[in-house]
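Residue-level structural notes
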Amino acid sequence: MKLLSATGDAPDYFMQPRMFPMLLLPWWMAESGGRKPNRGFQSDVVYSTLNGYYYIRLLDNLMDGHGSVEISLLPAAAFFHSEFLMTYQKYFDANHPFWPVFRSAWFSSSEAVASEVGVVCFDEDAFRQISAQKLCAARIPLAATSYFYRDAESMKPWLEFMAALAGWSQMLDDLFDWHRDLRGKKDSYVLSQARQHKREGETVEAWMARTGFNWGVSVLRGWLPELRRLAQPLGSAALNRYLDLREKMLEEDNAKLGAGLKTLVKISAVLSIEKNYSARPN
Amino acid sequence: MTLQQLINKVLNDPAFFSALKKDPAKALQGTDEKLTPEQIKALKELNYKTLEDVGSAFAGPSAIT
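Residues numbered from 1 in each chain as written. Chains lettered and ligands numbered in written order. Predicted model: local features only at pLDDT ≥ 70, side-chain atom pairs only at ≥ 80, totals over all residues.

Remarks on the overall build of chain B
Of the regular secondary structure elements, chain B holds five helices and zero strands. Starting at the N terminus, the α and β elements of chain B follow one another as α-α-α-α-α. Expressed along its principal axes, the backbone C-alpha trace of chain B runs to roughly 45 × 20 × 15 Å. Here chain B holds 65 residues, and 25% of them are scored as buried. (Helix = DSSP H or I, 4+ residues; strand = E, 2+ residues; numbered from the N terminus. Buried ≥ 20, exposed ≤ 12 C-beta atoms within 10 Å, placed from the backbone.)

As structure tokens, this is what we get:
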């Protein structure tokens, strides 16, 4: 767990602004519309979600080959899964409508992780139906929160927003992980686009530097208005501030990394002048 | 040197670009690149500072999931 965090402290990992806000979404939902959240319940939601995250992350790392110590940690999956699930048994009896939502989200998440391995080429549909669904277990703490506050009608718009944010976050993840995925021979929507659109003889790396990163940023930029539209009826000022922050971070990354990639293209162009010149007949 | 090789340098050997800015001919010794004075001038004029974030963003540990 400490290895996930650059500082060695788990809270620093989960509090990164780039992290999908799985811990914050239920809190924002709980306090929306001026409601005072129940801190005991919300602490349990955080505890359950952390265990669920470690469970998924353990399996995901093993499946995509990023793992180094995960095989020896595999028995700990029993602990993570039990703590994730049993926390909710304190609040919802076996016949409560929370459990069908739990089952559906939990199974969909597992199915997405399993299906992703077999995809040869990702188009936008495959991305939305498989990759973006990997985060769908985040529906569970939101459903628990809405049932705990007896506010079941708020669940649907929050789940719709969460699904859209999961897609956006996964696209961002794929864009920034393109080189790690390429090296690890793991396919993604971004890498599939690179393979489809690169010029003849051009490498994936060259396409990413020349145009792929810009393409990815423009896709993310294009999906933001839908996120804002879905956030609007949720009545959470904190959620809207979060979207402002993510938009600002995206533009900062675009300016910073886009400039760096352009410099690489320029260096390559300067170095290729001599080769082109030498190739000409005398 | 191809764009692919340059990207791999950013991710695995960022010090190469300090050397390239300082003395392009020396930095490329041992490669197939034979630089003209115009190329050396052009390489010295580029803004290498912009490369600093590229390596950490794309080569470091994944920050999200």
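Thoughts on the overall build of chain A
The helix and strand tally for chain A stands at 13 helices and zero strands. In chain A, the succession of α and β elements from N to C terminus is α-α-α-α-α-α-α-α-α-α-α-α-α. Relative to its full complement of 282 residues, chain A shows a buried share of 33%. Here the analysis covers contacts within chain A between residues at least 6 apart in sequence; of these, 65% occur between residues at least 24 apart. (Contact = placed C-beta atoms within 7 Å.)

Topic: the interface of chain A and chain B
With 32 residues of chain A in contact, the opposing surface of chain B contributes 30 residues. If you list the elements that add at least two residues to the side of chain A that touches chain B, you get α9 (155–176), α10 (178–183), α12 (204–231) and α13 (237–279) of chain A. For the side of chain A that touches chain B, the element with the highest residue contribution is α13 of chain A, accounting for 15 residues. Here the residues of the side of chain A that touches chain B sort into 17 nonpolar, seven polar and eight charged. (Nonpolar A, V, L, I, M, F, W, Y, C, P; charged D, E, K, R; others polar.)

Quick notes on unusual backbone geometry
Residues and elements named next belong to chain A. The backbone phi angle of Arg150 is positive, close to 50°, even though this residue is not glycine. Tracing the backbone shows Arg150 in the loop between α8 (139–148) and α9. The phi dihedral of Lys185 falls on the positive side, at around 55°, and the residue is not glycine. Here Lys185 shows up in the loop between α10 and α11 (189–197). For Lys185, a count of 9 C-beta atoms within 10 Å translates into the label exposed.

Focus: the nonpolar core
Of all hydrophobic cores here, the largest spans 73 residues; its most connected members are Ala137, Ala138, Met162, Ala166 and Leu264 of chain A. The leading source of residues in this core is α9 of chain A, at 11 residues. What Leu264 of chain A contacts, discounting residues up to four positions off in sequence, is Ala209 of chain A together with Leu3, Leu6, Ile7 and Val10 of chain B. (Core = buried A, V, L, I, M, F, W, Y, C linked by C-beta atoms within 7 Å.)

Things to note about the confidence of the model for chain A
Regions with low pLDDT should not have their predicted coordinates read in detail. Residues and elements named next belong to chain A. For chain A, mean pLDDT is 90; residues scoring 70 or higher make up 94% of the total. Per-element confidence in chain A is highest for α8, whose mean pLDDT is 98, and lowest for helix α4 (residues 70–73), whose mean pLDDT is 80. Confidence drops under a pLDDT of 50 for residues 276–282, and excluding neighbours within four residues, the segment shows zero contacts in the predicted structure. (pLDDT = per-residue confidence, 0-100.)

Topic: the environment of Asp123 of chain A
Relative to the elements of secondary structure, Asp123 of chain A occurs in the loop between α6 (98–118) and α7 (124–131). With 67 residues separating them in the primary sequence, Asp123 of chain A and Val190 of chain A have C-alpha atoms 9.2 Å apart.

Describing helix α2 (residues 24–31) of chain A
For α2 of chain A, the complete set of buried residues consists of Leu25, Pro26, Trp28, Met29 and Ala30 of chain A. Of the residues flanking the end of α2 of chain A, it is Gly33 of chain A, one or two places downstream, whose phi is positive at about 65°.

Let's talk about α12 of chain A
Residues and elements named next belong to chain A. Here α12 spans only 36 Å end to end across 28 residues, well under the 40 Å set by a 1.5 Å rise per residue. By the largest-angle criterion, Thr211 marks the main kink of α12, which is about 60°. Inspection of α12 places Glu205, Ala206, Trp207, Met208, Ala209, Gly212, Phe213, Gly216 and Ala231 among the buried residues, and these make up the whole buried set. (Expected span 1.5 Å × (residues − 1). Bend = angle between axes of the 7 residues up to and from the residue.)

Regarding the confidence of the model for chain B
Residue and element names in this part refer to chain B. Per-residue pLDDT for chain B has a mean of 81; in total, 91% of the residues score no lower than 70. Per-element confidence in chain B is highest for helix α4 (residues 37–45), whose mean pLDDT is 88, and lowest for helix α5 (residues 52–59), whose mean pLDDT is 82. Taken together, the chains of this predicted complex give a pTM of 0.88 and an interface ipTM of 0.87.

Section: the packing of α2 of chain A against α8 of chain A
For any two helices packed against each other, one specifies the inter-axial angle together with the distance between the axes. Residue and element names in this part refer to chain A. Running from N to C, α2 and α8 point in directions that differ by 20°, and their axes come no closer than 9 Å. Classed by the angle they form, the pair α2 and α8 counts as roughly parallel. Our pair here, α2 against α8, has a crossing hand that is right-handed. Residue-level contacts link Leu25, Pro26, Met29 and Ala30 of α2 to Pro141, Leu142, Thr145 and Ser146 of α8. Residues of the contact of α2 with α8, tallied by class, amount to six nonpolar, two polar and no charged. (Axes fitted to C-alpha atoms, helices over the stretch in contact; angles between N-to-C directions. Parallel < 35°, antiparallel > 145°, perpendicular 65-115°, else oblique. Left-handed = near helix turned anticlockwise from the far one by under 90°.)

Considerations on the environment of Tyr54 of chain A
Residues and elements named next belong to chain A. As for its position among the elements, Tyr54 is in helix α3 (residues 39–64). Tyr54 sits in the buried class, given 21 other C-beta atoms within 10 Å. Spatially, the C-alpha atoms of Tyr54 and Arg195 are 32 Å apart, while their sequence positions differ by 141 residues.

Quick look at the environment of Gln232 of chain A
All names here are of chain A. Examined against the element boundaries, Gln232 turns out to sit in the loop between α12 and α13. Take Gln232: there are 13 C-beta atoms within 10 Å of it, and that puts it in the partly exposed class. Sequence spacing of Gln232 and Val119 is 113 residues, and the spatial spacing of their C-alpha atoms is 35 Å.

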